[in-house]
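Architecture and fold: a report
Each chain, letter by letter, is given below.
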Amino acid sequence: MADAKKKAKGFIAEFKEFISRGNVMDMAVGVIIATAFGKITTSLVNDVVMPAIGYFLGGTDLTQLNIVLQPEVLDEAGEVVTAAVTIGIGTFLSTIIDFILVALVVFIVIKVINSAKTKMEALRKKEEEAAAEAAPPEPSAEEKLLMEIRDLLKEQK
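Scope of this entry: the structure provided in the associated data block. (Residues numbered from 1 in each chain as written. Predicted model: local features only at pLDDT ≥ 70, side-chain atom pairs only at ≥ 80, totals over all residues. Heavy atoms only, no water.)

What follows covers the overall build of the chain. Of the regular secondary structure elements, the chain holds four helices and four strands. Reading the chain from its N terminus to its C terminus gives the helix and strand order α-α-β-β-β-β-α-α. Relative to the 2.2 N^0.38 estimate, which gives 15 Å for 157 residues, the radius of gyration of the chain is 35 Å and therefore markedly larger than a compact globule would have. Seen through its C-alpha atoms, the chain measures out along the principal axes to roughly 125 × 65 × 20 Å. Counting every position in the chain, which comprises 157 residues, the buried fraction comes to 6%. Taking all contacts inside the chain whose residues are at least 6 apart in sequence as the whole, residues at least 24 apart take part in 37%. Element-wise, carbon and sulfur atoms account for 67% of the exposed surface of the chain, whose accessible area totals about 13,400 Å². Of the side chains in the chain, 17 bear a positive and 22 a negative charge, and the two mean positions are spaced by 12 Å. (Helix = DSSP H or I, 4+ residues; strand = E, 2+ residues; numbered from the N terminus. Rg over C-alpha atoms; globule rule 2.2 N^0.38 Å. Buried < 20%, exposed > 50% of the residue type's maximum accessible area, 1.4 Å probe, protein only. Contact = heavy atoms within 4.5 Å. Areas by Shrake-Rupley, 256 points an atom, 1.4 Å probe, with all protein chains shown as cover. Lys, Arg positive; Asp, Glu negative; His and termini not counted. Charge placed at Lys NZ, Arg CZ, Asp CG, Glu CD.)

Structure (structure tokens):
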């Protein structure tokens, strides 16, 4: 029984350590931002891009663009007996455009980050080269030994 408690405490401690790591927190923030970003791109596609495409294609609402495989069946009272079977081409196109926009933004962000990394590495390399040029080279072990001998000879005079 005591062994089980130790294992449980060890598991909880390990879980706390895992959760408190920086990369897990960064990932959580990334997921939250990605969710919000997904809502923004979905709204952009559904509320801006798709209506514009529909306007240029003759004023049709592309989200309502469907291929009807089987029309709905109504009874005498006008109630639906059998629902229509449709393929939602407009919704599919909207989802594809949404994906392409998200992929484009992620590509641009990664490209900017890689460009910034490259520039930072080049700047760091230039700074290291400048520091290496500014500092005189370290004397070799032989030169140090000769300087010590010289200093000792000066002290004896």
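This is not the end of the story, as more comes after the structure.
Residues three or four positions apart in an α-helix share a direction because the helix packs 3.6 residues into each turn. Taking 1.5 Å of rise per residue, 46 residues should cover 68 Å, and helix 3 (residues 89-134) covers 67 Å from first to last C-alpha, within 8% of that figure. Of all the residues in helix 3, the buried ones are Gly90, Ser94 and Asp98. (Expected span 1.5 Å × (residues − 1).)

This part is about the packing of aromatic side chains. Summed over the entire model, instances satisfying the criterion amount to one aromatic pair. Between tyrosine 55 and phenylalanine 56, the aromatic rings sit 5.5 Å apart at their centres with planes inclined by 70°, giving edge-to-face as the arrangement. (Phe/Tyr/Trp six-rings, centres within 6.5 Å; stacked < 30°, edge-to-face > 60°.)

Attention now moves to the side chain of threonine 41. Tracing the chain through its elements places threonine 41 in helix 2 (residues 22-56). Reaching out from threonine 41, the side chain makes a polar contact with the side chain of aspartate 98 at a distance of 2.9 Å. (Polar contact = N/O pair within 3.5 Å; in protein donor to acceptor, adjacent residues only side chain to side chain.)

Judged by side-chain charge, Glu127, Glu128, Glu129 and Glu133 come together as a negatively charged surface patch. Within the secondary structure, glutamate 129 sits in helix 3. Classification of glutamate 129 by relative accessible area gives partly exposed; the value is 42%. (Patch = residues over 30% accessible without salt bridge, like charges linked within 9 Å, V, L, I, M, F, W, Y side chains within 5 Å. Salt bridge = Lys/Arg side-chain N within 4 Å of Asp/Glu carboxyl O.)

Under the criterion given, the structure shown has two salt bridges. Here aspartate 151 and arginine 150 are joined by a salt bridge, their closest N and O atoms 3.3 Å apart. A relative accessible area of 34% means that aspartate 151 is categorised as partly exposed.

What follows deals with the environment of methionine 25. Residue position: methionine 25 is located in helix 2. If we ignore the near neighbours within four places in the chain, the residues touching methionine 25 are Ile19 and Ser20.

What follows deals with a nonpolar patch on the surface. On the surface, Phe11, Ile12, Phe15, Phe18, Ile19 and Met25 cluster together into a nonpolar patch covering about 590 Å² of accessible area. The biggest single contributor to the nonpolar patch is helix 1 (residues 2-20), with five residues. In this structure, phenylalanine 15 sits in helix 1.

Residue position: aspartate 98 is located in helix 3. Buried aspartate 98, no salt bridge; nearest opposite-charge side chain is lysine 39, N-O distance 12 Å. Once residues lying within four places of it in the same chain are set aside, the contact partners of aspartate 98 are Thr41, Thr42 and Val45.

Here we come to the environment of threonine 86. Take threonine 86: it is sitting in strand 4 (residues 85-87). When sequence neighbours within four positions are dropped, the list of residues in contact with threonine 86 reads Asn66, Ile67, Val68 and Leu69.

By themselves, these figures tell us nothing about what the structure is for.
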